[in-house]
Amino acid sequence: MAAGTRAREVLLPVLMFPLVVPLVAPVVDATRLAMQGAAISDLAELMALICAYDVAYLVAGFLAFSHVLEGQ
Amino acid sequence: MKSPKWLGPLLALLIVVSLVALIVVSFVLSPPERFMGERIRILYVHVGSAWTSYLAYVVTAVGAAQFLRSRKPKWDHLAVSSAELGLVLTTLTLVTGSLWAKSTQGWWWVWEPRLTITLLLWFLYAAYLILRQYTVGERRAVVSAVLALAGIPTMVLNHFAVSIFRVMHPEPVVVKPGGPALESGWYTVGLALGVITFTLIFAGLVLARMRLERQRDELAQAQATGSIAG
């Protein structure tokens with residue numbers, strides 16, 4: 001979305017931040033648990049969230065691509 | 001979107017009535033609460049604005065989706081009007097929530113599910129409005145609509161992400177299975193009135209803001225075709 005706007009360098013972090021928080025938060029938490037030697041079953045909820053994020057934004061990317069890049 | 005002529009005045013009337021009722025209930029009729037004391041009165045504003053700030057995102061997303069489908073400018077006007085109000089309402093929610101939490105719980109802010117979601121919502125509104133500053137015309141409408149829709153999975157996932165972690169925000173006490181759990185009926189009335197009043201104000205302001213956006217569009221078009229001087 002930032003591509004093709006005048007101030008793309010400034011805009012990218014502003015747009016990215018709210019969109020990546022739901023990925024970063026569970027990833028950080030899962031990493032912390034893994035480093036502490038937690039069992040894989042303890043990570044199930046967090047891994048489910050990370051997978052859900054992947055699926056949601058893969059789909060969103062496919063749907064949005066033609067809109068975002070039209071007329072460039 | 002052309003709304004009927006009577007809708008504006010009717011909304012204005014309803015807003016005045018419910019606002020007066022809300023002020024009377026929250027400052028006169030509602031007794032101090034057993035634990036919170038007078039500070040319960042903050043919640044009459046906080047709950048209403050919180051509910052409306054989420055409603056505003058739903059309205060923005062609906063406007064964005066409809067715009068991408070139909071490419072009619074009115075839907076973009078709806079989305080941006082709602083997003084601007086959403087930013088204001090989310091700010092109000094965060095400020096009143098902080099004030100209430102400091103005075104009753106002893107902290108201004110904790111990284112807790114609902115607070116974090118609301119802060120993220122604020123960032124989404126801000127990103128949406130900043131993005132609109134850097135683009136023009138139909139392109140602006142399209143990219144901002146995509147951002148508004150891209151925010152939906154974020155909000156949903158966050159809802160689940162944070163529900164895994166600890167909860168410090170009070171649970172709902174009015175709308176919950178088994179009926180309201182407050183001792184005085186006035187608390188329930190006040191909170192419900194707050195929600196109604198804020199929803200009405202939101203609707204009224206969105207209508208006014210959409211009219212402004214439509215007139216701006218018409219002005220820009222008139223200037224572009226040279227029918228009036230820029």
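Note that this is a predicted model, so its numbers are computed, not measured. (Residues numbered from 1 in each chain as written. Chains lettered and ligands numbered in written order. Predicted model: local features only at pLDDT ≥ 70, side-chain atom pairs only at ≥ 80, totals over all residues. Heavy atoms only, no water.)

Asker: Before we move on, could you go through the environment of B:Leu120 and cite the residues and values that matter?
Answerer: Residues and elements named next belong to chain B. Mapped onto the fold, leucine 120 is located in helix H4 (residues 113-133). The buried category is assigned to leucine 120, whose relative accessible area is 4%. Taking the C-alpha atoms as reference, leucine 120 lies 16 Å from leucine 85; in sequence the two are 35 residues apart. (Helix = DSSP H or I, 4+ residues; strand = E, 2+ residues; numbered from the N terminus. Buried < 20%, exposed > 50% of the residue type's maximum accessible area, 1.4 Å probe, protein only.)

Asker: Kindly report on the confidence of the model for chain B, identifying the contributing residues and their values.
Answerer: Residues with a pLDDT of 70 or more make up 88% of chain B, whose mean pLDDT is 85. Within chain B, helix H5 (residues 137-164) of chain B has the poorest average pLDDT of any element, 83, and helix H3 (residues 73-104) of chain B the best, 93. (pLDDT = per-residue confidence, 0-100.)

Asker: Mind laying out helix H1 (residues 7-29) of chain B, listing which residues take part and the relevant values?
Answerer: Residues and elements named next belong to chain B. Counted at 1.5 Å a residue, the expected span for H1 with its 23 residues is 33 Å, and the 31 Å between its end C-alpha atoms agrees. Listing the buried residues of H1 in full gives Leu11, Ile15, Ser18, Leu22, Val25 and Ser26. Residues of H1 that are buried make contact with helix H2 (40-70) and helix H6 (185-225). (Expected span 1.5 Å × (residues − 1). Contact = heavy atoms within 4.5 Å.)

Asker: Report on the interface of chain B and chain A, specifying residues and quantitative values.
Answerer: Each partner contributes to the interface: chain B provides 26 residues, whereas chain A provides 26 residues. Of the roughly 2400 Å² buried between chain B and chain A on both sides combined, carbon and sulfur atoms contribute 76%. Put simply, chain B and chain A have zero salt bridges between them. Sorting the residues of the side of chain B that touches chain A by element identifies H4 and H5 of chain B as the ones contributing at least two each. Among the elements that make up the side of chain B that touches chain A, the one with the highest residue count is H5(B) (14 residues). (Buried area = accessible area lost by both parts, 1.4 Å probe. Salt bridge = Lys/Arg side-chain N within 4 Å of Asp/Glu carboxyl O.)

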